[in-house]
Amino acid sequence: MNAIANHLLFASEAELVGLGGAAVLVMAVIALWAERRRARTARFDNVGWVPWTSIFVFCTMIGSAMMLLAIKSFAAG
């Protein structure tokens, strides 16, 4: 655990942005899974109130932009 903490403490900004982008993309995958689960429910009146599609689109756009910024920084050195 100490090695992970040291790596995060001394990580560059590009690495931190890349890790944040990966976390946001994981949230997008969870939102996609939740939307598909809601769409396949047997009871059409029991769908819930969370806008999973909007969360998926927002997280995908933000996570992709963060990953693109991290890749550009890694390539620049």
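Residues numbered from 1 in each chain as written. Predicted model: local features only at pLDDT ≥ 70, side-chain atom pairs only at ≥ 80, totals over all residues. Heavy atoms only, no water.

K.L.:
Before we go on, may I ask you to explain helix α2 (residues 13–39) in this structure?
P.N.:
What sets the pattern is the α-helix's 3.6 residues per turn: residues three or four places apart point alike. Here α2 spans 39 Å end to end across 27 residues, near enough to the 39 Å set by a 1.5 Å rise per residue. Looking only at α2, the buried set comprises A14, G18, G21, V24, A28, A31, A34 and E35. Among the structural elements, α3 (52–76) are those in contact with the buried residues of α2. (Helix = DSSP H or I, 4+ residues; strand = E, 2+ residues; numbered from the N terminus. Expected span 1.5 Å × (residues − 1). Buried < 20%, exposed > 50% of the residue type's maximum accessible area, 1.4 Å probe, protein only. Contact = heavy atoms within 4.5 Å.)

K.L.:
What is the right way to look at a nonpolar patch on the surface in this model?
P.N.:
There is a patch of nonpolar side chains on the surface, built from M1, I4, L8, L16 and L19 and spanning about 540 Å² of accessible area. Secondary structure elements with two or more residues in the nonpolar patch: α1 (2–9) and α2. Within the fold, L8 resides in helix α1. We classify L8 as partly exposed; its relative accessible area is 40%. (Patch = residues over 30% accessible without salt bridge, like charges linked within 9 Å, V, L, I, M, F, W, Y side chains within 5 Å. Areas by Shrake-Rupley, 256 points an atom, 1.4 Å probe, with all protein chains shown as cover. Salt bridge = Lys/Arg side-chain N within 4 Å of Asp/Glu carboxyl O.)

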